[in-house]
Amino acid sequence: DVAREALRSFEYDAVACRHVDGGAIIANPSTLDTALLQRLVTTESLAPLHNPISLRVLKLALEETSKPVVVDTDTSFHQTLPEAERVLPLPKKLRELLRPRTGYHGIAHREVSSILAWKLGEESRARDYLISCQLGGGASICAIREGASVSVTMGSSPLEGVVMGSRSGSLDPGTLLTLLEEHGFSASELRSLLNYESGLLGLTGTLDLRLLSQQAQQGDTSAELGLEVFCSSIAKGIASTATSLPRIDAIAFSGGIGQNSADIRARICRKLAVLGVSIDPERNTPTEDLAEPLKLSPDDAATAVWAIPSSEHFGLARSACSIL
């Protein structure tokens, strides 16, 4: 209903929509028509939390407007991943049946890297080697070399990588085999468990980071454990993607958690001290409704650390302008 009201009420030249995973159908931003929409329907299961919703919005847009409709995907930015980052460590006959690692959150990572490079340029700092941390309900870390994605924690589905809100992130495959073989889980039950019942929610029973931080400060061991697991996972994701870069010029935190939670940023950066990462406690204040990029690190720090407002909507607008 919100989308329909917007399409009928505002003046606009085009509609741009995020579609998390376009599979093999869309590699770059594309103008939507009925034929392309019908092909995209086959991608619904690739990102079960998001693709079904975006498909409904795309269908609605085609029905409600005669203006161009542009669809951009979170996988398009990661087309530059080297083969060693994409290939699955499985026998060739199985690799031919399965998707390689594709990465996600590409629209956000692309925009954050552009904003971060601009801010570093204003400071006359090196800006070729960046790490973008998109931390929200879903979470991923991306290493960016001269504007191109070279490593990302999410893989062939949005389930791989760091611990997330209700997604497990990477798990020992043996754990899944045990659930299948010894505890009678079906594939559909596993899919629901890993997407909707795991991660921070599974560890703590809530997705409210402010509540968890308050509870941890009050001595709640369950809340502290959940935050420790979450932040350790993020720090390890940053460290692992950093191996694809010769140095780290800057780290950016974005997304609902990354740009807003001073506690989460501080916890993660303390774990990265071994890489020379530090933040200024006076700068790292709560930043709800952050409107401008905020520098968190001391001015003389070797690695700059920033909080960047979420900017996917600007990225979608730029994608639409680039092909119209």
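Visitor: What's the story with the overall build of the chain in this structure? I'm lost.
Guide: Secondary structure summary: the chain contains 14 helices and nine strands in total. On C-alpha atoms alone, the chain measures out to a radius of gyration of 20 Å, which is about the 20 Å that the 2.2 N^0.38 rule sets for 324 residues. Dimensions along the principal axes, computed over C-alpha positions, put the chain at roughly 55 × 50 × 40 Å. For the chain, buried positions account for 48% of its 324 residues. Once local pairs closer than 6 in sequence are excluded, the contacts in the chain between residues at least 24 apart make up 66%. In the form shown here, the chain has an accessible surface area of approximately 15,700 Å², with 54% of it arising from carbon and sulfur atoms. Looking at charge distribution, the chain has the averaged site of its 30 positive side-chain charges lying 4 Å from that of its 39 negative ones.

Visitor: Is there a simple way to explain helix 13 (residues 262–271) in this structure?
Guide: Each α-helix turn comprises 3.6 residues. Residues three or four places apart therefore point the same way. With seven of ten residues buried, helix 13 is to be regarded as a mostly interior element. All of the buried residues along helix 13 are A262, I264, R265, A266, R267, I268 and C269. In this structure, the buried side of helix 13 is in contact with strand 4 (129–135), helix 10 (209–217), helix 11 (221–242), strand 7 (250–254), helix 12 (255–258) and strand 9 (304–307).

Visitor: Any chance you could explain a nonpolar patch on the surface here in plain terms?
Guide: Together, L90, L94, L97 and L98 make up a nonpolar patch on the protein surface, roughly 370 Å² of accessible area in all. Note that L98 resides in the loop between helix 5 (92–95) and helix 6 (106–122).

Visitor: For this particular structure, what's the right way to read the layout of surface pockets?
Guide: What the largest pocket holds in volume is close to 1,100 Å³. Forming the boundary of the largest pocket are 27 residues, of which S156, S157, L159, L176 and L194 lie nearest the centre. Of all elements in the fold, only helix 7 (173–182) and helix 8 (187–196) reach the threshold of two or more residues within the lining of the largest pocket. Among the elements that line the lining of the largest pocket, the one with the most residues is helix 8, at five residues. The class makeup of the residues in the lining of the largest pocket is 16 nonpolar, seven polar and four charged. Taken together, 19 residues line the second largest pocket, and the ones lying closest to its centre are L7, A14, V15, A16 and C17.

Rules used throughout
- Residues numbered from 1 in each chain as written.
- Predicted model: local features only at pLDDT ≥ 70, side-chain atom pairs only at ≥ 80, totals over all residues.
- Heavy atoms only, no water.
- Helix = DSSP H or I, 4+ residues; strand = E, 2+ residues; numbered from the N terminus.
- Rg over C-alpha atoms; globule rule 2.2 N^0.38 Å.
- Buried < 20%, exposed > 50% of the residue type's maximum accessible area, 1.4 Å probe, protein only.
- Contact = heavy atoms within 4.5 Å.
- Areas by Shrake-Rupley, 256 points an atom, 1.4 Å probe, with all protein chains shown as cover.
- Lys, Arg positive; Asp, Glu negative; His and termini not counted.
- Charge placed at Lys NZ, Arg CZ, Asp CG, Glu CD.
- Patch = residues over 30% accessible without salt bridge, like charges linked within 9 Å, V, L, I, M, F, W, Y side chains within 5 Å.
- Salt bridge = Lys/Arg side-chain N within 4 Å of Asp/Glu carboxyl O.
- 1 Å grid on protein atoms, 1.4 Å probe; cavity = no way out; pocket = protein on both sides within 12 Å on 5 of 7 lines; lining within 4 Å.
- Points joined across faces, edges and corners; volume = space filled by probe spheres on them.
- Nonpolar A, V, L, I, M, F, W, Y, C, P; charged D, E, K, R; others polar.

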